Amino acid sequence: MRNIIIDCDPGHDDVLAIMTAFANRDRFNILGITTVAGNQTLEKVTNNILKVQDHLGFAYPVSMGYDSPICKPLDVQPAAHGEMGLDGPEIADAVSKPSGKHAIEFIKECLEKVDKLTMVCIGPLTNMGLFLKTYPQLKNKIEEIVIMGGSYNLGNVRVKAEFNIYHDPEAARIVFNSALPMTMAGLEVCYSGAINFDEIDRLNEKNGKATKLAKEILEFYKGWAEKRGWTQTAIFDMTTIIYLLHPEYFDLKMMNVDVELSGVYTQGMTVCEEISSYSRINNPVKVLMAVKDRFAFLNVFYEALNKLDQECK
Ligand code: BDR
Ligand code: CA
(Lines give C-alpha, C1' and ligand atoms only; values in the text may rest on other atoms or scores of the structure.)
(Ligands and ions follow the chains in the order given, each with its own letter.)
Protein backbone atom coordinates (compact mmCIF):
# COMPACT_ATOMS: atom_id res chain seq x y z
CA MET A 1 0.00 0.00 0.00
CA ARG A 2 1.56 3.28 -1.10
CA ASN A 3 0.97 6.50 0.86
CA ILE A 4 0.16 9.25 -1.61
CA ILE A 5 -0.76 12.92 -1.68
CA ILE A 6 -2.20 14.22 -4.96
CA ASP A 7 -1.08 17.78 -5.68
CA CYS A 8 -3.30 19.15 -8.43
CA ASP A 9 -5.13 21.97 -10.25
CA PRO A 10 -8.46 20.38 -11.19
CA GLY A 11 -8.96 20.54 -14.19
CA HIS A 12 -10.76 17.85 -16.24
CA ASP A 13 -7.88 15.38 -16.49
CA ASP A 14 -6.92 16.00 -12.85
CA VAL A 15 -10.40 14.89 -11.79
CA LEU A 16 -10.20 11.73 -13.91
CA ALA A 17 -6.80 10.94 -12.39
CA ILE A 18 -8.18 11.44 -8.89
CA MET A 19 -11.23 9.28 -9.62
CA THR A 20 -8.92 6.51 -10.85
CA ALA A 21 -6.99 6.78 -7.57
CA PHE A 22 -10.22 6.75 -5.52
CA ALA A 23 -11.26 3.51 -7.21
CA ASN A 24 -7.93 1.92 -6.27
CA ARG A 25 -7.99 2.62 -2.54
CA ASP A 26 -6.82 -0.96 -1.97
CA ARG A 27 -3.51 0.07 -3.58
CA PHE A 28 -3.21 3.68 -2.42
CA ASN A 29 -3.44 5.14 1.04
CA ILE A 30 -4.61 8.60 -0.05
CA LEU A 31 -3.55 10.98 2.73
CA GLY A 32 -5.09 14.01 1.07
CA ILE A 33 -5.30 16.35 -1.86
CA THR A 34 -3.42 19.63 -2.16
CA THR A 35 -4.36 22.28 -4.70
CA VAL A 36 -2.35 24.83 -6.63
CA ALA A 37 -3.25 27.59 -9.09
CA GLY A 38 -2.77 26.54 -12.71
CA ASN A 39 -5.63 25.51 -14.94
CA GLN A 40 -7.70 28.09 -13.10
CA THR A 41 -7.39 30.21 -9.97
CA LEU A 42 -6.68 28.49 -6.66
CA GLU A 43 -10.25 29.12 -5.42
CA LYS A 44 -11.82 27.64 -8.56
CA VAL A 45 -9.65 24.50 -8.75
CA THR A 46 -10.14 23.86 -5.03
CA ASN A 47 -13.89 24.25 -5.37
CA ASN A 48 -13.85 21.84 -8.30
CA ILE A 49 -12.30 18.98 -6.38
CA LEU A 50 -14.49 19.65 -3.33
CA LYS A 51 -17.64 19.45 -5.42
CA VAL A 52 -16.49 16.30 -7.19
CA GLN A 53 -15.78 14.69 -3.81
CA ASP A 54 -19.20 15.76 -2.48
CA HIS A 55 -20.89 14.43 -5.62
CA LEU A 56 -19.21 11.02 -5.40
CA GLY A 57 -19.30 10.77 -1.60
CA PHE A 58 -15.60 11.12 -0.78
CA ALA A 59 -14.16 13.37 1.90
CA TYR A 60 -10.36 13.34 1.68
CA PRO A 61 -8.84 16.48 3.21
CA VAL A 62 -8.27 19.18 0.62
CA SER A 63 -5.58 21.75 1.47
CA MET A 64 -5.03 24.89 -0.57
CA GLY A 65 -1.51 25.83 -1.60
CA TYR A 66 -0.05 28.70 -3.60
CA ASP A 67 -2.25 31.00 -5.67
CA SER A 68 0.43 31.96 -8.21
CA PRO A 69 3.80 30.77 -9.57
CA ILE A 70 7.05 31.77 -7.83
CA CYS A 71 8.20 34.34 -10.38
CA LYS A 72 5.63 34.57 -13.15
CA PRO A 73 2.11 35.97 -13.05
CA LEU A 74 -0.77 33.50 -12.96
CA ASP A 75 -1.81 32.52 -16.50
CA VAL A 76 -4.84 30.20 -16.41
CA GLN A 77 -6.12 27.83 -19.13
CA PRO A 78 -9.76 28.68 -19.99
CA ALA A 79 -9.27 27.43 -23.56
CA ALA A 80 -8.79 23.88 -22.31
CA HIS A 81 -10.73 23.82 -19.02
CA GLY A 82 -13.28 26.65 -19.30
CA GLU A 83 -13.96 29.67 -17.10
CA MET A 84 -14.49 27.60 -13.95
CA GLY A 85 -11.70 25.11 -14.67
CA LEU A 86 -14.13 22.19 -14.86
CA ASP A 87 -16.72 23.39 -17.35
CA GLY A 88 -19.10 20.81 -18.78
CA PRO A 89 -20.51 18.60 -16.03
CA GLU A 90 -23.46 20.03 -14.12
CA ILE A 91 -22.86 19.07 -10.51
CA ALA A 92 -23.98 20.82 -7.33
CA ASP A 93 -21.76 23.40 -5.67
CA ALA A 94 -19.45 22.15 -2.95
CA VAL A 95 -20.80 21.91 0.57
CA SER A 96 -17.53 20.67 2.08
CA LYS A 97 -14.72 23.09 2.81
CA PRO A 98 -10.93 23.01 2.46
CA SER A 99 -8.95 21.86 5.52
CA GLY A 100 -7.84 25.34 6.52
CA LYS A 101 -4.21 24.16 6.51
CA HIS A 102 -1.79 25.40 3.86
CA ALA A 103 -0.79 22.65 1.42
CA ILE A 104 2.85 22.67 2.46
CA GLU A 105 1.89 22.44 6.15
CA PHE A 106 -0.36 19.51 5.30
CA ILE A 107 2.48 17.76 3.41
CA LYS A 108 4.84 18.46 6.32
CA GLU A 109 2.45 16.97 8.89
CA CYS A 110 1.89 13.87 6.74
CA LEU A 111 5.63 13.35 6.33
CA GLU A 112 6.12 13.60 10.09
CA LYS A 113 3.59 10.79 10.58
CA VAL A 114 4.58 8.28 7.90
CA ASP A 115 7.80 6.50 6.94
CA LYS A 116 7.41 7.01 3.22
CA LEU A 117 5.24 9.10 0.96
CA THR A 118 4.81 9.41 -2.80
CA MET A 119 3.88 12.84 -4.14
CA VAL A 120 1.75 12.68 -7.28
CA CYS A 121 2.03 16.15 -8.80
CA ILE A 122 -0.33 16.84 -11.69
CA GLY A 123 -0.34 20.62 -11.76
CA PRO A 124 2.36 23.30 -11.76
CA LEU A 125 5.07 22.41 -9.23
CA THR A 126 4.76 25.54 -7.06
CA ASN A 127 3.65 23.68 -3.91
CA MET A 128 6.26 20.96 -4.31
CA GLY A 129 9.11 23.37 -5.06
CA LEU A 130 8.32 25.65 -2.14
CA PHE A 131 7.76 22.69 0.19
CA LEU A 132 11.28 21.45 -0.62
CA LYS A 133 12.74 24.90 0.03
CA THR A 134 10.81 25.34 3.30
CA TYR A 135 11.23 21.88 4.84
CA PRO A 136 14.37 20.36 3.27
CA GLN A 137 14.92 18.25 6.41
CA LEU A 138 11.84 16.15 5.54
CA LYS A 139 12.60 15.50 1.91
CA ASN A 140 14.26 12.14 2.44
CA LYS A 141 10.96 10.67 3.54
CA ILE A 142 9.64 11.30 0.04
CA GLU A 143 9.81 7.93 -1.67
CA GLU A 144 9.13 9.26 -5.15
CA ILE A 145 7.76 12.31 -6.95
CA VAL A 146 5.64 11.28 -9.90
CA ILE A 147 4.70 14.19 -12.12
CA MET A 148 2.63 14.89 -15.18
CA GLY A 149 4.63 17.55 -16.87
CA GLY A 150 7.32 18.28 -19.41
CA SER A 151 8.23 16.29 -22.50
CA TYR A 152 11.35 14.97 -24.17
CA ASN A 153 10.58 16.67 -27.47
CA LEU A 154 7.10 18.17 -27.84
CA GLY A 155 5.41 21.23 -26.40
CA ASN A 156 1.77 22.21 -25.92
CA VAL A 157 1.91 25.83 -24.71
CA ARG A 158 5.22 26.68 -26.38
CA VAL A 159 7.20 24.95 -29.08
CA LYS A 160 9.13 22.84 -26.54
CA ALA A 161 7.25 23.52 -23.31
CA GLU A 162 4.40 21.75 -21.56
CA PHE A 163 1.90 23.74 -19.47
CA ASN A 164 2.67 22.52 -15.91
CA ILE A 165 6.39 23.24 -16.28
CA TYR A 166 6.02 26.42 -18.34
CA HIS A 167 3.58 27.84 -15.79
CA ASP A 168 6.16 27.74 -12.98
CA PRO A 169 9.60 26.84 -14.36
CA GLU A 170 11.43 28.03 -11.24
CA ALA A 171 9.43 25.67 -9.03
CA ALA A 172 9.96 22.84 -11.52
CA ARG A 173 13.67 23.49 -11.50
CA ILE A 174 13.81 23.14 -7.71
CA VAL A 175 11.97 19.82 -7.95
CA PHE A 176 14.13 18.40 -10.76
CA ASN A 177 17.26 19.41 -8.85
CA SER A 178 16.10 17.90 -5.55
CA ALA A 179 18.01 14.62 -6.05
CA LEU A 180 14.82 12.75 -5.09
CA PRO A 181 13.62 9.75 -7.11
CA MET A 182 11.43 11.20 -9.85
CA THR A 183 9.21 9.88 -12.58
CA MET A 184 8.07 12.14 -15.40
CA ALA A 185 4.95 11.47 -17.44
CA GLY A 186 5.49 14.00 -20.21
CA LEU A 187 3.41 14.85 -23.26
CA GLU A 188 4.59 11.94 -25.41
CA VAL A 189 3.54 9.14 -23.06
CA CYS A 190 0.22 10.87 -22.41
CA TYR A 191 -0.53 11.16 -26.13
CA SER A 192 0.32 7.49 -26.63
CA GLY A 193 -2.49 6.57 -24.22
CA ALA A 194 -5.06 9.02 -25.63
CA ILE A 195 -8.73 8.06 -25.73
CA ASN A 196 -10.51 8.13 -29.13
CA PHE A 197 -13.68 10.21 -29.46
CA ASP A 198 -15.69 7.13 -30.41
CA GLU A 199 -14.46 5.45 -27.21
CA ILE A 200 -15.82 8.44 -25.28
CA ASP A 201 -19.15 8.04 -27.12
CA ARG A 202 -19.29 4.41 -26.04
CA LEU A 203 -19.02 5.22 -22.31
CA ASN A 204 -22.47 4.30 -21.08
CA GLU A 205 -23.67 6.94 -18.65
CA LYS A 206 -26.50 4.69 -17.51
CA ASN A 207 -23.84 2.58 -15.77
CA GLY A 208 -23.76 5.03 -12.88
CA LYS A 209 -22.63 8.34 -11.41
CA ALA A 210 -18.93 7.96 -12.10
CA THR A 211 -19.27 7.02 -15.77
CA LYS A 212 -21.79 9.82 -16.29
CA LEU A 213 -19.43 12.35 -14.71
CA ALA A 214 -16.41 11.04 -16.65
CA LYS A 215 -18.33 11.18 -19.91
CA GLU A 216 -19.45 14.76 -19.30
CA ILE A 217 -15.90 15.71 -18.38
CA LEU A 218 -14.51 14.15 -21.56
CA GLU A 219 -17.24 15.61 -23.79
CA PHE A 220 -16.07 19.08 -22.77
CA TYR A 221 -12.36 18.29 -22.60
CA LYS A 222 -12.20 16.78 -26.08
CA GLY A 223 -13.22 20.20 -27.49
CA TRP A 224 -9.65 21.43 -27.26
CA ALA A 225 -8.38 18.50 -29.35
CA GLU A 226 -11.35 18.69 -31.71
CA LYS A 227 -10.51 22.30 -32.58
CA ARG A 228 -7.14 21.04 -33.79
CA GLY A 229 -8.74 18.42 -36.02
CA TRP A 230 -7.72 15.52 -33.76
CA THR A 231 -9.95 12.51 -33.16
CA GLN A 232 -8.60 11.60 -29.74
CA THR A 233 -7.66 13.36 -26.51
CA ALA A 234 -4.97 12.57 -23.96
CA ILE A 235 -6.12 12.32 -20.33
CA PHE A 236 -2.73 13.67 -19.29
CA ASP A 237 -2.81 13.54 -15.49
CA MET A 238 -4.32 10.06 -15.30
CA THR A 239 -1.07 8.65 -16.72
CA THR A 240 0.64 9.14 -13.33
CA ILE A 241 -1.91 7.06 -11.44
CA ILE A 242 -1.96 4.29 -14.05
CA TYR A 243 1.84 4.23 -13.96
CA LEU A 244 1.79 3.72 -10.19
CA LEU A 245 -0.73 0.91 -10.55
CA HIS A 246 0.94 -0.75 -13.56
CA PRO A 247 4.53 0.31 -14.20
CA GLU A 248 4.84 -2.71 -16.51
CA TYR A 249 2.49 -1.00 -19.01
CA PHE A 250 5.15 1.59 -19.89
CA ASP A 251 8.35 1.92 -21.88
CA LEU A 252 10.68 4.11 -19.88
CA LYS A 253 14.19 5.45 -19.97
CA MET A 254 16.45 7.02 -17.34
CA MET A 255 17.47 10.47 -18.58
CA ASN A 256 19.04 13.52 -17.02
CA VAL A 257 16.47 16.29 -16.94
CA ASP A 258 16.65 19.97 -16.07
CA VAL A 259 14.36 22.91 -16.74
CA GLU A 260 15.07 25.88 -19.00
CA LEU A 261 14.17 29.11 -17.20
CA SER A 262 14.48 31.55 -20.07
CA GLY A 263 14.79 31.50 -23.84
CA VAL A 264 12.52 32.86 -26.54
CA TYR A 265 11.35 29.40 -27.59
CA THR A 266 12.52 27.25 -24.72
CA GLN A 267 11.32 28.76 -21.43
CA GLY A 268 9.75 25.93 -19.44
CA MET A 269 11.28 23.21 -21.60
CA THR A 270 12.39 20.04 -19.83
CA VAL A 271 15.85 19.52 -21.27
CA CYS A 272 16.28 15.74 -21.47
CA GLU A 273 19.81 14.46 -21.87
CA GLU A 274 20.81 10.87 -22.66
CA ILE A 275 22.91 9.61 -19.75
CA SER A 276 26.45 9.10 -21.03
CA SER A 277 30.04 10.02 -20.28
CA TYR A 278 29.26 13.35 -21.97
CA SER A 279 26.44 14.18 -19.54
CA ARG A 280 26.30 17.81 -18.47
CA ILE A 281 23.20 17.50 -16.31
CA ASN A 282 23.07 15.29 -13.24
CA ASN A 283 19.39 14.83 -12.44
CA PRO A 284 18.50 11.24 -13.34
CA VAL A 285 14.74 10.94 -13.89
CA LYS A 286 12.62 7.99 -14.96
CA VAL A 287 11.07 9.35 -18.16
CA LEU A 288 7.97 7.48 -19.33
CA MET A 289 8.38 7.20 -23.08
CA ALA A 290 5.21 5.43 -24.26
CA VAL A 291 2.27 3.30 -23.21
CA LYS A 292 2.92 -0.23 -24.52
CA ASP A 293 -0.71 -1.24 -24.96
CA ARG A 294 -3.29 1.55 -25.18
CA PHE A 295 -6.20 -0.87 -24.58
CA ALA A 296 -4.70 -2.25 -21.36
CA PHE A 297 -3.94 1.30 -20.25
CA LEU A 298 -7.47 2.58 -20.86
CA ASN A 299 -8.94 -0.53 -19.33
CA VAL A 300 -7.60 0.60 -15.95
CA PHE A 301 -9.71 3.74 -16.37
CA TYR A 302 -12.83 1.81 -17.44
CA GLU A 303 -12.43 -0.60 -14.50
CA ALA A 304 -12.05 2.34 -12.12
CA LEU A 305 -15.30 3.84 -13.42
CA ASN A 306 -17.10 0.50 -13.03
CA LYS A 307 -15.90 0.20 -9.43
CA LEU A 308 -16.98 3.74 -8.58
CA ASP A 309 -20.35 3.21 -10.29
CA GLN A 310 -20.99 0.37 -7.83
CA GLU A 311 -19.79 2.33 -4.81
CA CYS A 312 -21.12 5.82 -5.41
CA LYS A 313 -24.90 5.90 -5.34
C1 BDR B 1 -1.33 19.52 -18.13
O2 BDR B 1 -1.81 20.87 -18.17
C3 BDR B 1 -3.10 20.95 -17.61
O4 BDR B 1 -3.93 21.74 -18.42
C5 BDR B 1 -3.60 19.55 -17.44
O6 BDR B 1 -4.41 19.43 -16.27
C7 BDR B 1 -2.33 18.73 -17.31
O8 BDR B 1 -1.90 18.67 -15.97
C9 BDR B 1 -1.14 19.05 -19.57
O10 BDR B 1 -0.19 19.83 -20.21
CA1 CA C 1 -3.40 19.22 -14.10
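Below you will find a few notes about this structure. (Residues numbered from 1 in each chain as written. Chains lettered and ligands numbered in written order. Predicted model: local features only at pLDDT ≥ 70, side-chain atom pairs only at ≥ 80, totals over all residues. Heavy atoms only, no water.)

**Comments concerning the overall build of the protein**
Phase 1 of the analysis: When helices and strands are tallied, the protein shows 12 helices and 11 strands.
Phase 2 of the analysis: The C-alpha atoms of the protein give 18 Å as radius of gyration, which agrees with the globular expectation for 313 residues (20 Å, within 12%).
Phase 3 of the analysis: In terms of overall dimensions, the protein has C-alpha extents of about 55 × 45 × 35 Å along its principal axes.
Phase 4 of the analysis: Classification of the 313 residues of the protein by burial places 57% in the buried group.
Phase 5 of the analysis: Counting only carbon and sulfur atoms, one obtains 51% of the accessible surface of the protein, whose full area is about 12,600 Å².
Phase 6 of the analysis: In the protein, which carries 32 positive and 41 negative side-chain charges, the distance between the mean positions of the two groups comes to 2 Å. (Helix = DSSP H or I, 4+ residues; strand = E, 2+ residues; numbered from the N terminus. Rg over C-alpha atoms; globule rule 2.2 N^0.38 Å. Buried < 20%, exposed > 50% of the residue type's maximum accessible area, 1.4 Å probe, protein only. Areas by Shrake-Rupley, 256 points an atom, 1.4 Å probe, with all protein chains shown as cover. Lys, Arg positive; Asp, Glu negative; His and termini not counted. Charge placed at Lys NZ, Arg CZ, Asp CG, Glu CD.)

**Quick notes on the site of ligand 1**
Phase 1 of the analysis: In the neighbourhood of ligand 1, the contacting residues comprise Asp13, Asp14, Asn39, His81, Ile122, Met148, Asn156, Glu162, Phe163, Asn164, Phe236 and Asp237.
Phase 2 of the analysis: At 2.5 Å from an oxygen atom of ligand 1 is found a side-chain nitrogen or oxygen belonging to glutamate 162.
Phase 3 of the analysis: Burial of ligand 1 by the surrounding chains reaches 97%, relative to a free accessible area of 280 Å².
Phase 4 of the analysis: Mapped by element, the contributors of at least two residues to the shell around ligand 1 are helix H1 (12–23) and helix H6 (163–167).
Phase 5 of the analysis: A breakdown of the residues in the shell around ligand 1 according to their chemical character gives 4 nonpolar, 4 polar and 4 charged. (Near = heavy atom within 4 Å. Polar contact = N/O pair within 3.5 Å; in protein donor to acceptor, adjacent residues only side chain to side chain. Nonpolar A, V, L, I, M, F, W, Y, C, P; charged D, E, K, R; others polar.)

**Considering the coordination of the calcium ion (ligand 2)**
Phase 1 of the analysis: Only Asp9 (OD), Asp14 (OD), Asp14 (OD), Ile122 (O) and Asp237 (OD) from the protein reach the calcium ion (ligand 2) as donors, at distances of 2.3 to 2.6 Å.
Phase 2 of the analysis: When the donors of the calcium ion (ligand 2) are listed by position in the chain, the intervening gaps give D-x4-D-x107-I-x114-D. With aspartate 9 in the loop between strand S1 (2–8) and H1 and isoleucine 122 in the loop between strand S4 (117–121) and helix H5 (126–134), this residue pair connects regions lying 113 residues apart in the sequence.
Phase 3 of the analysis: Owing to a relative accessible area of 0%, aspartate 9 belongs among the buried residues under this scheme. (Donors = N, O, S within 2.8 Å, 3.2 Å for Na, K, Ca; no water.)

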